[in-house]
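Close look at the chain arrangement
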Amino acid sequence: MQIPAELEIARGLPPLDCPVAEAERYTRWLATHHYENFNVASWLLPKRLHQHFYNLYAYCRWADDLGDEIADPAGALELLEGWDQELRGCYAGRPSHPVFVALRQTILACDIPIEPFSDLLVAFRQDQTVHRYPTWNGVLGYCRYSANPVGRLVLYLCGYRDAERQQLSDATCTALQLANFWQDVGRDLDKGRIYIPLEALAAHGLSEDDIVARRFDARYVSLMKELIARTRGLFEQGMPLAGRVDSALRVDIEMFSRGGLAVLDSIEAIGYNTLQHRPSIPKSKQLQLLIRALFQRLFAQDSVAAAAVPSPGRMAIVAGGCLPSNIKKAPGDTTGDVTRSYAECRRVAKNSASNFYYAFFMLPQTKRDALCALYAFMRLVDDVSDTVGSEADKRRGLVCWRAALDAAVAGDVSGHPILPAFADTIERFHIPPRYFHDLISGAEMDLTVGNYTTFERLREYCYRVAGTVGLTCLHVFGYDDPHAPELAEKLGIAFQLTNILRDVPKDYEMGRIYIPQEDLEKFGVRPEELARGPLTPALRDLFAFEAGHALDFYREGVKLIPDVHSDARAALWALARIYSSLLRRIETRGYDVFSERVRLSTPEKTGILLRARLGWYSQHNVLEERDRDRRRPGGTLLGRRAG
């Protein structure tokens, strides 16, 4: 391939087909002199691995620069194609370029397959044609090719080829890539690229034009906080990898994660303004990280793994989101494990005294137990964000639950007593795990988002914490109509909007305002008025407006009742009736949510359940028409007051 003159790393490049020793001198020089926040191979690595690390780095650095340092995209694509041909020639035993002359020795010594190398080129080619990513899936898909292969190459180098370590490595490498994206927003803009998902921008009231114009304001700060929180979660998820490699490698593996976390800390330290500034990690900070890693290596050999991986039967999270285990695995007795786990799930659901628990009794035993398992998982996740404690502890708790979810889906249910039943329910009713990841993302929003600018932004939150509940329950209820998931999501959102309206003062005390800012401004209500009242005419009108939103979702969502399987309709009707009755109670009290918490009495709930049990229910009587119609002309259903 023709080496372009403007490529800086080509200076001092040996000739083609040079001896191995000369090629390795070049890769060593490149790795130790090219700018990086951290050295590619620290002095702590076993000396036998140093040259192999240099060779891998040289391949990655060259591929990256061929894509990034060439101004013409067509020219860059042509060079990357040439690099791909060099790679295939190397694997065919005919290396020519000095980097491949050196790399050939590493490939043979460590038996590395071609896929990680070729995957990297997919990402570099993509950079030439794709400059915006509408969704998170798109960005993570890019990381799958741009970052994760690097971690897998390092594992091959160290002699590890198992799927478990590769998954941990993928989490770390994706996090590192994201951290680089967030610190390099300004630099990437200079190249015409935006790696922040456009859906994330929109969720914070930002547009692509705002980023291109480098408009730094509170919206961007809020966005960056969310991006950083999500990235920290991935770092925590991958942290156990350092405890699952040879002690001689542990410090360097951990330093990758610690370095990435330091990048996130640096972003916070500059006030999140990565549109106009690029954070840097001072040498003193690098030294602190190294000392910390050395301390853990010398005095706490297994501390990384122990801190990040839940011990059998218990979840390392804040109080309130964890129950002590009384379930121990017995080889060959998995049936007993699942049975005891379902009993634990029933206990969690019963002790919560939730409206959901009472409605479960309308269901056959198998579906009832399944909903208890789902509820237990969701309850414990929710408890993490609602329990008193530091934000860092809560974030770690949610990271643990996310890791436990992935482990349970993969077959490891040792993290908590409820997990055997939870995993059994997911498998039995074919529930997509992504719904639970979305649920955890909603709990994470409670740690990072204190208010919502628009109703659409609030709706995203409601989908995550409640729409997902409707969707998972729908799989247990059973359905055949393809429109059923949309209705289940709407009904879940209706329940959440009811809870939000009922708990306005309680949520304010916790530092959360769910009433959209645009609605507060529309009705002339100051946020502090949500604390304890008094109930002014403006507040009453605001709450009536929000109730109208909820009612719209109820009216759509209850269309689901005849679409679920017949043995689940009574339970679904009872749930919809109980929650919509709460909304109706708020309305009949004149929207006074301050004097006392709105609730239904036990006799009222019993009457609803009895009515459902006797079959005196339908889609049409779940919402009482006289209550629904007792509204002002042009009232909340039209989204405005009359007059």
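Each remark here, short or long, concerns the structure printed above.
Residues numbered from 1 in each chain as written. Predicted model: local features only at pLDDT ≥ 70, side-chain atom pairs only at ≥ 80, totals over all residues. Heavy atoms only, no water.

On a plain count of helices and strands, the protein comes out with 29 helices and zero strands. When the accessible surface of the protein is split by element, carbon and sulfur atoms take 52% of a total near 27500 Å². (Helix = DSSP H or I, 4+ residues; strand = E, 2+ residues; numbered from the N terminus. Areas by Shrake-Rupley, 256 points an atom, 1.4 Å probe, with all protein chains shown as cover.)

Following G533, the chain continues into P534 via a peptide bond in cis, with omega recorded as 0°. Counting through the fold element by element, P534 comes out in the loop between α25 (517-522) and α26 (537-557). Its identity is not glycine, yet D111 carries a phi of approximately 55°, on the positive side. Checked against the element boundaries, D111 lands in the loop between α4 (98-110) and α5 (115-129). For D111, a relative accessible area of 53% gives the class exposed. Even without being glycine, Y272 reaches a positive phi, approximately 75°. In this structure, Y272 sits in the loop between α13 (247-269) and α14 (283-299). For Y272, a relative accessible area of 15% translates into the label buried. (Buried < 20%, exposed > 50% of the residue type's maximum accessible area, 1.4 Å probe, protein only.)

All told, the structure shown has 43 salt bridges when counted by the stated rule. Among the salt bridges present, the one from D170 reaches R152, with a minimum N-O distance of 2.6 Å. Here R152 lies in helix α7 (residues 148-157) and D170 lies in helix α8 (residues 163-183), a separation of 18 residues in the sequence. Overall, R152 belongs to the partly exposed group, its relative accessible area being 26%. Between R165 and D162 there is a salt bridge, and its shortest N-O distance comes to 2.7 Å. For D162, a relative accessible area of 24% translates into the label partly exposed. Each of D68, D127, K191 and R193 takes part in one network of salt bridges that share partners. (Salt bridge = Lys/Arg side-chain N within 4 Å of Asp/Glu carboxyl O.)

This part covers the packing of aromatic side chains. On inspection of all chains with the given rule, the structure shows 28 aromatic pairs. On the basis of an interplanar angle of 45° and a centroid distance of 5.5 Å, the ring pair of Y452 and Y461 is categorised as tilted. Judged by its relative accessible area of 3%, Y461 is buried. Each member of the aromatic cluster is reached from another via a ring pair, and the members are Y59, W62, W83, Y91, F100 and F117. (Phe/Tyr/Trp six-rings, centres within 6.5 Å; stacked < 30°, edge-to-face > 60°.)

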